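Close look at the chain arrangement
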Amino acid sequence: MFATGEPRSGTTLMHALMSVDPHARALRFWEVMYPSPPPGTTGADDPHRARADADWREINAKMPKWLHCHPYNDMLGNGLPEDERTWAFDFRVMTPTAWWRVPMQTLSMGLPTDPAAQYSIHKAMLQQFQYGRPKKYWALKGFHGFRLQAFFDAYPDANLVWLHRDPVQVVASRTMMMADILDGIVGPIDLQAETRMHLAMTRASIANTLANPLVNDPRILHVRYTDFVADPVEIIRRYYKFCGRPLTTGAEMAMRNYLKDNRGDRYGKFQYSTKLLTDIDENIDALHEEFAPFRERFGVAIEKRGLGIKMHNRISVHSICFPAAGIEELCRNWRELGTSRVTFSSLQVLDYGAHKIRDMLNAAGQRTETVAHVFRSGPLASRAADMRQETGHLARAIDAAATLGARSIYMLTGGRGAMGWEDAATVFSEAIAPCLPMARDAGVALSVENTSPFHAHGHIGNNLRDTITLAEMAEIGVCIDYFACWTEAGMRQQITRAMPRCVLVQVSDYVLGDRALPCRAVPGDGTIPWPDVLRWLLEAGYTGAFDLELLGPRIDQEGLMAAITRAAEYISKCLRRLGPEAPDPH
């Protein structure tokens, strides 16, 4: 089983996930860097493993930026080389792991080629590495598009999954990746010259893909990059079925655990922009038109990512900002915005599946900040014993939040009905009490948010003072929705009182005179003094996220993405004026 595609199109993650299948065998760097004697003759204590680990520590120290775009390098000698690495031995390919001690530019074009000979070397090395070891199938990855005839001649029983991505993004991403690598080998490079080279290489590769009749070979499954990022395990299940191979429960669990434990941004977010192309006087629209036949052939949409802002790492974006969007669309919108923290409702998570959402977010380098949960819709029952169903739903929401890695759940309680406030607060506290130990064990902070009196039919925390009192009674946290409490007296003092329990702050604005609910505005457009409020919160010791919760006529009129982008820019600037970003402790 082979994965292929343009550089930066998801093939590395596809390969990594297939490699954890217990029935699969993947090439390892320690093998291709030190291939003799055969690993099957040396055992688990083969000294080549340690030697390759030492090499990779040197590589990572020399090229630290490479970890941003390729965090898999932290696997050291056990990492996953591309098939091309086997061709470094006869100098037909020069990969960075073959020449990292040599201060020279990359040699991506102009090397001698002999595809039949290259696959002969590749096949011989696979045979060497599987000799004397348990029988497994190979899971491999390489850039095979230019060599399809020789590839299938060498491996007639192979199946190939080919991931396809917007070529404009491919050029920008691969250029920045190679610039980061070369920065550690030769120092700063001519970025414009590098961009021109990678644009030429991408153009040649796309032309070959469109012209080569073997691209239509029935042994090839074509997949869109965006579909893979949206649900990696499901796409791999589809590929296994294409190959006539079952995706076992053990393999699926290993893949999901890999996604959970290997966040794509664990060494920092890889930053790149199509501005690289405009800097060499390329017109992005003209490039999209040039690549239109490729996009039409494989159903690849123009990919929009990062709207030109560097979002502060303490900003999260609530799914309520996109009220009509399904989970896949939400994830696309969040990727386009460039946010690393997101918020769901428990209904969304439980309906779609926490494991599937977690995998999608992990693949995109995102995570769930918090989960919104309605404990009871309508009035609370007069006795906690009559709300066992609601208590059970909260327990399921806690389990789902824990699966997502969310820090917290914030709740609406249910209305007070005919009860006095104190009685309703007591009933709510007793009803959620059985869930407190479960939440503590799961590392999920339960909390309650404040809302305006317009929501009194379904909630009893209708000002910040009462919400803090309720949280103290129930022994849970507080989510401050500042839109719903900014008019209250003594807000700075209330923030100080809430701070030991504060797990989330929700951010929006209000324009005086607005009457159409929900009448929220972009922060900075209204009357809430956000620079002062943010300063109060930080001085009080708040360390959590600032969750954008934007909805209403003003937001709809401007356009959701435009409004959220402006909100993120404004709050990011305010936060940066108050101090530098701190590492995310999550």
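Everything discussed here concerns the structure shown above.
We now turn to the structure provided with this report. Treat the numbers as computed from the prediction; the structure is a model and nothing was measured.

**Comments concerning helix α6 (residues 115-130)**
Relative to the 22 Å expected for 16 residues at 1.5 Å per residue, α6 spans 22 Å between its end C-alpha atoms, a close match to the ideal helical length. Listed in full, the buried residues belonging to α6 are Q118, Y119, H122, M125, L126 and F129. Viewed along the axis of α6, the buried residues span an arc of 120 degrees, placing them on a single side of the element. Once α6 ends, the next one or two residues include G132, with phi positive near 70 degrees.

**What about the pattern of salt bridges?**
Scanning the entire structure with this criterion turns up 34 salt bridges. Of the charged contacts, one joins R133 and E31 as a salt bridge, the two residues approaching to 2.8 Å between their closest N and O atoms. Note that R133 is positioned in the loop between α6 and β3 (137-138) and E31 in helix α2 (residues 29-33), a separation of 102 residues in sequence. With a shortest N-O distance of 2.6 Å, D525 and R566 are connected by a salt bridge. Taken together, the residues D525 in the loop between β13 (502-507) and α24 (530-539) and R566 in helix α26 (residues 560-578) connect sequence positions 41 residues apart. A relative accessible area of 31% means that R566 is categorised as partly exposed.

**Examining the sheet that holds strand β1 (residues 2-5)**
Strand order in the open sheet formed by four strands is β4-β1-β5-β6, with parallel pairing between adjacent strands. Each end of this open sheet is capped by a strand with a single partner; those strands are β4 (140-141) and β6 (220-224). Alignment of β1 against β4, held across two bridges, turns out to be parallel. Looking at the pairing, F2 lines up with L140 of β4.

**Some points on the sheet that holds strand β9 (residues 367-374)**
Note: strands within a sheet are paired through backbone hydrogen bonds, in either parallel or antiparallel orientation. Sheet architecture is closed into a barrel: eight strands sit in the order β7-β8-β9-β10-β11-β12-β13-β14, paired in parallel fashion. Pairwise comparison of adjacent strand axes, ignoring direction, gives a mean angle of 30 degrees for this sheet. In this structure, strand β7 (residues 315-318) lies alongside strand β14 (residues 545-548), joined through three bridges in parallel fashion. Opposite V317, over in β14, you have L548 as the bridge partner. Helix α16 (residues 327-337) rests against β7 and β8 (341-345) of the sheet, and its axis sits at about 155 degrees to β8.

**Some details on the state of the cysteines**
Inspection of every chain in the model, using the stated rule, returns zero disulfides. Looking at the unpaired C321, the closest cysteine sulfur is the one in C479, lying at 13 Å. You can call C321 buried: its relative accessible area is 1%. Looking at C331, it has no disulfide partner, and the nearest cysteine sulfur is the one in C321, 14 Å off.

**Side note on the packing of aromatic side chains**
Taken as a whole, this structure holds 17 aromatic pairs when the rule is applied. Plain terms: the ring middles of W56 and W66 are 5.8 Å apart, the flat faces sit at 40 degrees to each other, and that makes the pair tilted. With W56 in helix α3 (residues 47-62) and W66 in helix α4 (residues 66-69), the pair connects residues that are 10 residues apart, well separated along the chain. Among the aromatic residues, those joined into a cluster by ring pairs are F2, W87, Y119, F151, F152 and Y155. In this structure, R25 packs its charged tip against the face of W138, placed 5.9 Å from the ring centre. One residue, R245, lies across the ring of Y137, its end atom 3.8 Å from the ring centre.

Conventions used here
Residues numbered from 1 in each chain as written. Predicted model: local features only at pLDDT ≥ 70, side-chain atom pairs only at ≥ 80, totals over all residues. Heavy atoms only, no water. Helix = DSSP H or I, 4+ residues; strand = E, 2+ residues; numbered from the N terminus. Expected span 1.5 Å × (residues − 1). Buried < 20%, exposed > 50% of the residue type's maximum accessible area, 1.4 Å probe, protein only. Arc of directions from axis to C-beta. Salt bridge = Lys/Arg side-chain N within 4 Å of Asp/Glu carboxyl O. Pairing = 2+ DSSP bridges. Axes fitted to C-alpha atoms, helices over the stretch in contact; angles between N-to-C directions. Contact = heavy atoms within 4.5 Å. Disulfide = S-S within 2.5 Å. Phe/Tyr/Trp six-rings, centres within 6.5 Å; stacked < 30°, edge-to-face > 60°. Lys NZ or Arg CZ within 6 Å of the ring centre and 35° of its normal.

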